[in-house]
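One-letter residues, chain by chain:
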Amino acid sequence: MTARPAVRVRAPGKINLTLCVGAPAADGYHPLETVFQAVSLYEDVVARPAEGITLEIQGRGADLPTDGTNLAVRAAALLREASGTEAGVHLTLTKTVPVAGGMAGGSADAAATLLACDQLWGTGLGREELGALAAELGADVPFSLTGMSAMGTGHGDLLTPVMSRGSYHWVLAVQAEGLSTPSVFREFDRLGGHEPAGEGRPPTGATASLVPALLTADPLVLARHLRNDLQEAALGLRPALGDVLAAADRAGALAAIVSGSGPTVAALALDAQHAASVADVMRAADVAAEVLTVSGPVAGARVLEQVNAR
Ligand code: C5P
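Residues numbered from 1 in each chain as written. Predicted model: local features only at pLDDT ≥ 70, side-chain atom pairs only at ≥ 80, totals over all residues. Heavy atoms only, no water.

Brief notes about helix 2 (residues 105-121)
In step 1: For helix 2, built from 17 residues, the straight-helix expectation of 24 Å at 1.5 Å per residue is met to within 8% by its first-to-last C-alpha distance of 24 Å.
In step 2: For helix 2, a buried count of 15 out of 17 residues is recorded, marking the element as mostly surrounded by other parts of the structure.
In step 3: Among the residues trailing helix 2, Gly122 stands out with phi positive, at a value near 60°. (Helix = DSSP H or I, 4+ residues; strand = E, 2+ residues; numbered from the N terminus. Expected span 1.5 Å × (residues − 1). Buried < 20%, exposed > 50% of the residue type's maximum accessible area, 1.4 Å probe, protein only.)

As for the packing of aromatic side chains
In step 1: The tally for this structure, following the rule as stated, stands at one aromatic pair.
In step 2: Directly above the aromatic system of Tyr42 lies the positively charged group of Arg10, at a separation of 5.1 Å from the ring centroid. (Phe/Tyr/Trp six-rings, centres within 6.5 Å; stacked < 30°, edge-to-face > 60°. Lys NZ or Arg CZ within 6 Å of the ring centre and 35° of its normal.)

Some remarks on the sheet that holds strand 9 (residues 255-258)
In step 1: One open sheet accounts for four strands, arranged 9-10-7-11; its pairing is antiparallel. One side of each edge strand has no neighbouring strand; the edge strands of this open sheet are strand 9 and strand 11 (290-296). Neighbour to neighbour, the strand axes of the sheet diverge by 25° on average, direction disregarded.
In step 2: Relative to strand 11, strand 7 (residues 168-174) runs antiparallel, the two sharing seven bridges. Bridged to Tyr168 within strand 11 is Gly296.
In step 3: Here helix 10 (residues 272-285) sits on the sheet and contacts strand 7, strand 10 (265-269) and strand 11; the angle it forms with strand 7, its principal contact strand, is near 15°. (Pairing = 2+ DSSP bridges. Axes fitted to C-alpha atoms, helices over the stretch in contact; angles between N-to-C directions. Contact = heavy atoms within 4.5 Å.)

Side note on the pattern of salt bridges
In step 1: Applying the stated criterion across every chain, the model contains eight salt bridges.
In step 2: Salt-bridge contacts for Lys14 lead to Asp140; the nearest nitrogen and oxygen are separated by 4.0 Å. Here Lys14 is found in strand 1 (residues 5-21), whereas its partner Asp140 is found in the loop between helix 3 (127-137) and helix 4 (141-146), with 126 residues between them in sequence.
In step 3: For Lys14, a relative accessible area of 4% puts it in the buried group.
In step 4: For Asp140, a relative accessible area of 23% gives the class partly exposed.
In step 5: Note that Arg227 and Asp229 form a salt bridge whose closest N and O atoms lie 2.8 Å from each other.
In step 6: Each of the salt bridges in this network shares a partner with another, and the network as a whole consists of Glu43, Lys95 and Asp109. (Salt bridge = Lys/Arg side-chain N within 4 Å of Asp/Glu carboxyl O.)

Structure follows, in structure tokens:
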């Protein structure tokens with residue numbers, strides 16, 4: 001028998017440039033209006049033919065569960081069910097996006113797995129059907145598939161592409177210990193963070209002013225429009241993030257925000273050279289386990305290569 005090909009797929013992490021949160025609905029989910037930017041920090045998935053669905057993890061998160069609770073395994077199982085295939089897969093996941101860091105690393109794993117298994121099994125599902133499966137797996141998974149810049153409404157899963165010019169340079173302060181997204185939303189509710197006039201709907205002003213800022217290609221303009229309604233809740237659960245934001249400010253960042261539900265802090269720089277110098281100063285401030293530089297927007301999940309299975 002000739003070896004069937006293996007497939008390597010790469011999917012990016014994200015930063016929320018705005019994250020406007022309304023009051024929770026009856027299902028406990030919060031209506032959102034958010035603008036995502038995919039950034040150059042990636043999860044790689046190699047899918048090889050196998051019996052059943054198995055997973056190994058390299059890089060960050062090597063201690064994460066590899067059983068049916070892992071979002072990558074759930075993605076493969078969901079696609080197998082939806083497509084009716086009996087084929088299996090062995091997934092090798094190489095993580096560089098911080099675990100539970102507010103950058104949708106787990107969602108990128110799921111998106112990469114959907115695309116890799118789709119190719120490996122030849123399911124013939126289009127991007128739209130994969131997008132619907134992605135939304136079943138988690139609110140951020142559809143964006144990990146599409147990448148670039150997009151506005152998310154609903155749970156963050158209903159996407160509209162957003163035009164953006166130029167490339168933005170960020171410094172990421174990564175913490176050793178993640179934050180659980182549900183607990184940050186619970187803290188947001190406890191603080192009564194949503195605006196009462198919103199009647200459950202998220203406020204819309206921040207996104208309306210951020211979208212044109214992305215057309216200027218000017219980070220100084222973008223810096224004035226960043227907003228994260230979950231930031232106060234993340235700071236409530238992790239007060240030390242205040243030191244990270246202050247360190248970014250002292251290091252000369254144009255602006256700094258908590259990414260998504262945190263605890264990663266994203267600090268905006270003028271260009272790549274400025275990002276490198278802000279990163280050096282933040283490393284010296286010793287407020288994060290790791291300080292990285294990335295740029296965005298970048299493409300969503302994409303097939304890198306079809307490699308021969310060993
Ligand atoms: O959809 P996902 O599994 O990524 O969401 C993780 C958790 O974050 C949800 O279980 C929910 O507690 C919270 N969440 C929310 N409102 C959203 C998205 C997520 O309350 N729009």
